[in-house]
Amino acid sequence: MRSMMDRGIGILVGLALLAAPAAAAQGDPKAGRELYNKWCSSCHGVGGRGDGPVSASLPVKPGNHSDGTRMNVLTDTYLFAIVKQGGPAVQKSQMMPPWGTQLKDQQIWDVIAYMRSLAVPRYKAP
Ligand code: HEC
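These lines cover the structure that appears in this document, whether it is placed above or below. (Residues numbered from 1 in each chain as written. Predicted model: local features only at pLDDT ≥ 70, side-chain atom pairs only at ≥ 80, totals over all residues. Heavy atoms only, no water.)

## What to know about the packing of aromatic side chains
To describe a pair of aromatic rings, you give the distance between the ring centres and the angle between the ring planes.
Line of reasoning, step 1. The tally for this structure, following the rule as stated, stands at three aromatic pairs.
Line of reasoning, step 2. Aromatic side chains Phe80 and Trp109 sit 4.6 Å apart centroid to centroid with 25 degrees between the ring planes, which places their arrangement in the stacked category. Placement of the pair is Phe80 in helix α5 (residues 76-85) and Trp109 in helix α6 (residues 105-118), with a sequence separation of 29 residues.
Line of reasoning, step 3. The buried category is assigned to Trp109, whose relative accessible area is 8%.
Line of reasoning, step 4. Above the plane of the ring of Tyr123 lies Arg116, whose end atom (NZ or CZ) is 3.7 Å from the centre. (Phe/Tyr/Trp six-rings, centres within 6.5 Å; stacked < 30°, edge-to-face > 60°. Helix = DSSP H or I, 4+ residues; strand = E, 2+ residues; numbered from the N terminus. Buried < 20%, exposed > 50% of the residue type's maximum accessible area, 1.4 Å probe, protein only. Lys NZ or Arg CZ within 6 Å of the ring centre and 35° of its normal.)

## Some remarks on the coordination of the iron atom of the ligand
Line of reasoning, step 1. Around the iron atom of the ligand, the protein contributes the donor atoms His44 (NE2) and Met96 (SD), at 2.0 to 2.2 Å from the metal centre.
Line of reasoning, step 2. For the iron atom of the ligand, the six donor atoms in the first shell make angles of 87 to 179 degrees at the metal, a pattern classed as octahedral. You can see His44 sitting in helix α3 (residues 41-44) and its partner Met96 sitting in the loop between α5 and α6, a full 52 residues away along the chain. (Donors = N, O, S within 2.8 Å, 3.2 Å for Na, K, Ca; no water. Tetrahedral: all angles 85-135°; square planar, octahedral: opposite > 155°, others 65-115°.)

## With respect to unusual backbone geometry
Line of reasoning, step 1. Between Val120 and the following residue, Pro121, the backbone shows a cis peptide bond with an omega angle of -5 degrees.
Line of reasoning, step 2. By the secondary structure assignment, Pro121 is in the segment after α6.
Line of reasoning, step 3. Even without being a glycine, Gln91 presents a positive backbone phi close to 60 degrees.
Line of reasoning, step 4. Note on Gln91: relative accessible area 72%, which makes it exposed.

## Describing the environment of Asp110
Line of reasoning, step 1. Its location among the elements puts Asp110 in helix α6.
Line of reasoning, step 2. Taking the relative accessible area as the measure of exposure, Asp110 reaches 8% and is therefore buried.
Line of reasoning, step 3. The spatial distance from the C-alpha of Asp110 to the C-alpha of Tyr36 is 9.2 Å, given a sequence separation of 74 residues.
Line of reasoning, step 4. For Asp110, the residues in contact, after removing those within four places along its chain, are Gly27, Asp28, Pro29, Ala31, Gly32 and Leu35. (Contact = heavy atoms within 4.5 Å.)

## Observations concerning the side chain of Ser41
Line of reasoning, step 1. Along the chain, Ser41 turns up in helix α3.
Line of reasoning, step 2. Judged by relative accessible area, which is 11%, Ser41 ranks as buried.
Line of reasoning, step 3. Here Asn37 takes part through its backbone oxygen, which lies 2.5 Å from a polar atom of the side chain of Ser41.
Line of reasoning, step 4. Ser41 has contacts with Tyr36, Val46, Gly52 and Pro53, leaving out every residue within four places of it along the chain. (Polar contact = N/O pair within 3.5 Å; in protein donor to acceptor, adjacent residues only side chain to side chain.)

As far as function goes, none of this settles anything; it's purely spatial.
Here's what the structure looks like:
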């Protein structure tokens, strides 16, 4: 029983890894920008520099999503996990909330495509 479950989870993780790059490529950065401004900019700032109005009062500062040297090393799978499930899912602060109830998976990929479009130097898909 146990090993069947383990295998099941392994297959799910495998599928998620396979699906991730393709899905990110399908994200629409324009739709993502609207979602980002609505849901994310209070902390991350319009333009993603981590300077939103709420950021000053946070004990952990939100990252600068336009800093390509920091963001480009993060995989799509990682970004998807932290946006959908929140900071603790990737051993980061719970000050980064989970968005899985507000945003559909496709909308999360749209937001990721938008964040990728902010990066300087530019993000190149692997
Ligand atoms: C309540 C404030 C808040 C909101 C709203 C918020 N975040 Fe965050 N986010 C944070 C904080 C704080 C961190 C840094 C966590 C850490 O370093 O431990 C973070 C980290 C991240 C990271 C990890 C990359 C990095 O900077 O290291 C991503 C990606 C991210 N947020 C995306 C989003 C997206 C997309 C939204 C909107 C759907 C969003 N966040 C909304 C506070 C917020």
